[in-house]
Amino acid sequence: MRPIKEKTSRFHFDIKWVFIFVILAFLLVFLVFPLLYLLFRSFFVEGSFTLDAVKRIYTYSLNWSALKNTLVTASLSMVFGVLIAFPLAWLVSRTNLLGKGIFRSIFVMTYMVPPYVGAMAWTRLLNPKVGTINQILTDLFGLSESPFDIYTTGGMVWVLTTFYYPFAFITLCRALEHMDPSLEEAARISGASPLKTLFTVTLPMMLPAIGASAIMVFIAAASCYGIPSIVGAPGRIYTVTTRIAEYVATGTSEGLTDATVLSLFLMVLSLLLLFISNFVLGRRDHITISGKSVRPNIVDLRKWRIPLTIVVGLFSVIVVVIPFLSVISTSFTLNMGKSVFASGNATLNFWGNVFSRSSILKSALNSLLAAFIAATLGMIICVIMAYLLKRTNMKGRRIPDFLIAVGSGTPSIVIGLALIMTMSGKFGINIYNTLLIMIIAYMIKYMTMGMRTVVSGFSQIGPALEEAAAVSGAGWFRRMRDVVLPMLLPSIVAGWFLIFMPSFYELTMSNLLYSEKTQTLGVELYLYQVNSSQQTAAALACCILLLVLIMNLVMRKVTKGKFSL
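About the criteria used
Residues numbered from 1 in each chain as written. Predicted model: local features only at pLDDT ≥ 70, side-chain atom pairs only at ≥ 80, totals over all residues. Heavy atoms only, no water. Helix = DSSP H or I, 4+ residues; strand = E, 2+ residues; numbered from the N terminus. Rg over C-alpha atoms; globule rule 2.2 N^0.38 Å. Buried < 20%, exposed > 50% of the residue type's maximum accessible area, 1.4 Å probe, protein only. Contact = heavy atoms within 4.5 Å. Areas by Shrake-Rupley, 256 points an atom, 1.4 Å probe, with all protein chains shown as cover. Lys, Arg positive; Asp, Glu negative; His and termini not counted. Charge placed at Lys NZ, Arg CZ, Asp CG, Glu CD. 1 Å grid on protein atoms, 1.4 Å probe; cavity = no way out; pocket = protein on both sides within 12 Å on 5 of 7 lines; lining within 4 Å. Points joined across faces, edges and corners; volume = space filled by probe spheres on them. Core = buried A, V, L, I, M, F, W, Y, C linked by side-chain atoms within 4.5 Å. Phe/Tyr/Trp six-rings, centres within 6.5 Å; stacked < 30°, edge-to-face > 60°.

J.: Could you give me a rundown of the overall build of the chain, with the residues and numbers involved?
T.: Within the chain, the regular secondary structure consists of 24 helices and 2 strands. Computed over the C-alpha atoms, the radius of gyration of the chain is 25 Å, within 12% of the 24 Å expected from 2.2 N^0.38 for a compact globule of 565 residues. With respect to the principal axes defined by its C-alpha atoms, the chain has extents near 85 × 70 × 50 Å. Considering the chain as a whole, with its 565 residues, one finds that 54% of them fall into the buried category. For the chain, long-range pairs separated by at least 24 residues make up 78% of all intrachain contacts whose partners lie at least 6 apart in sequence. When the accessible surface of the chain is totalled, it reaches about 25,600 Å², and 66% of it is carbon and sulfur. The distance from the centre of the 45 positive side-chain charges to the centre of the 23 negative ones in the chain is 7 Å.

Below, the structure is given as structure tokens:
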């Protein structure tokens, strides 16, 4: 895309440099400096270099167990997630599977909701004592004990997989839809069957996208806090994130130091994987993506169409429908040891709690306000940066873009801890225990989602109208207001929602950064689940689910179906 030419004078002041400087300053202060200080603090305790904290943390048996559990659960979730995602993505993107549009919407539902809601659902279903599925199977087959125990490593891997495979599914669907079909067509003309073409042509071409999506699932699973804390903690299966949270909860200087040293593992691991994804696998995208405007041929499943539709339907019911129904039924259940349909066991009391308790209403207001501001400020940055990337050749414009990607790839718990260490007054900025620190954390973590959406929007809009406005003498601000923003509006709306939604129900960073006055909905729900009333937590989770679904429908309608999850 060629840059827009403007009328220039010998001493022309370009306002775009100011925007680059402000955005870069924001990222340096609230992302780069905190992460570098976190690294510094790991090796310099009380001003002098020492490895004592590193030795203490990484030789303690419980922490070593947490490291191994993190690697094992994240690796298995990555493998199973990709093994599930690729066949599903191929079926809904490249075949004549029945109802594939409906299935696609169902498969991304778990992407739209907080992972800890999934943990709540599966503990209700597979609890070894009162789990619904366990009770049904025990009664049906006359078993002496429950066949499943959710509070195990296998149980944690199952929940992580079911809630993070959509990361790979969405990525692979987009890659399959934009793949150059010429080699596949050549294989079919040569007599290769659809299955042979899949394994000999499609799969090798998709390897870069598969690798990138696998890394996304691994980072998400390794940095998750909600699922390990709800599923792993009762079974004494600790992960790095739960151990970091425990160290921070001590409230001592030594506890923060230990948490910092332990977070170093996640930070180094995620940055290494981010480098592999962006600079190694990213360079091979040209193998898969065609520069031509083509649409891959749809594979006729023939006699396998109905059987595969049934299999995919069963998968969607087990992985998506049943857990969500479990959360809904729990919210109406008075005695969790009995069925919601048992006489006198159905109640609306817990839904009443959601709309009457001041702590929940205050937390909801905090979440709405923080997510709204984070999404709005984030999109302002994203629109400006996307314009500079796609419409100009200004030097240095790729640095903020790279830092935004680094923020996205950094585990949430590391971002939260880094902000605690640096934004508590020690370096002249004290925003700890305020809503502002949470807004900044959300922006750092989720801006890349809006950035990718707007960049994609710019790629689909030609520069002709803007060039005409520039030739007519319109300045940059006027062109942005009258030409660029109206054409880019669907992408801006979609990007805003994609930042707002995860910020609204975020738990990991919020759990570290909240105070009594800034408690958010994600923290409120988590505290009800682990400490108070699981039924109230379920009712609150249903409200979050309903809000997210409504917002997704609004996004689809506003963008005329162009953007939705």
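Let us keep going from here.
J.: Describe in detail empty space enclosed by the protein, supporting the description with residues and values.
T.: The final tally for this structure, using the stated rule, is 4 cavities of 30 Å³ or more. If you add up the space inside the largest cavity, you get close to 60 Å³. Surrounding the largest cavity, M120, A121, R124, S326, V327, T330, Q529, Q534 and A538 form its lining. Where the lining of the largest cavity is concerned, the elements lending two or more residues are α6 (115-126), α14 (305-331) and α24 (534-558).

J.: Can you explain the nonpolar core? Please cite residues and give values.
T.: Membership of the largest hydrophobic core comes to 177 residues, with the highest contact counts inside it found for F107, F169, M206, I227 and I244. Of the residues forming this core, the biggest block, 16 residues, is contributed by helix α16 (residues 358-391).

J.: Residues and numbers for unusual backbone geometry, please.
T.: Residues other than glycine seldom take positive phi values, yet R236 does so here, at roughly 55°. Counting through the fold element by element, R236 comes out in the loop between α11 (226-232) and α12 (240-249). R236 gets classed as exposed once you look at its relative accessible area, which sits at 65%. The backbone of N433 shows a phi angle near 65°, a positive value even though the residue is not glycine.

J.: I'd like a rundown of the packing of aromatic side chains, residues and numbers included.
T.: Counted under the stated rule, the structure contains 20 aromatic pairs. Centre to centre, the rings of F40 and F44 are 4.6 Å apart; their planes meet at 5°, and the pair counts as stacked. On the basis of relative accessibility, which here comes to 41%, the residue F40 falls in the partly exposed class. F44 gets classed as partly exposed once you look at its relative accessible area, which sits at 29%. Both rings, one in Y164 and one in F167, keep their centres 5.3 Å apart while their planes meet at 70°; by these two values the pair is edge-to-face. On the criterion of helical spacing, the pair formed by Y164 and F167 is a turn pair, its members being 3 residues apart in helix α8 (residues 153-177). Given the relative accessible area of 8%, Y164 is considered buried. Overall, F167 belongs to the partly exposed group, its relative accessible area being 22%. Here the aromatic cluster, defined as three or more aromatic residues joined through ring pairs, consists of F33, Y37, F40, F43, F44, F49 and F427.

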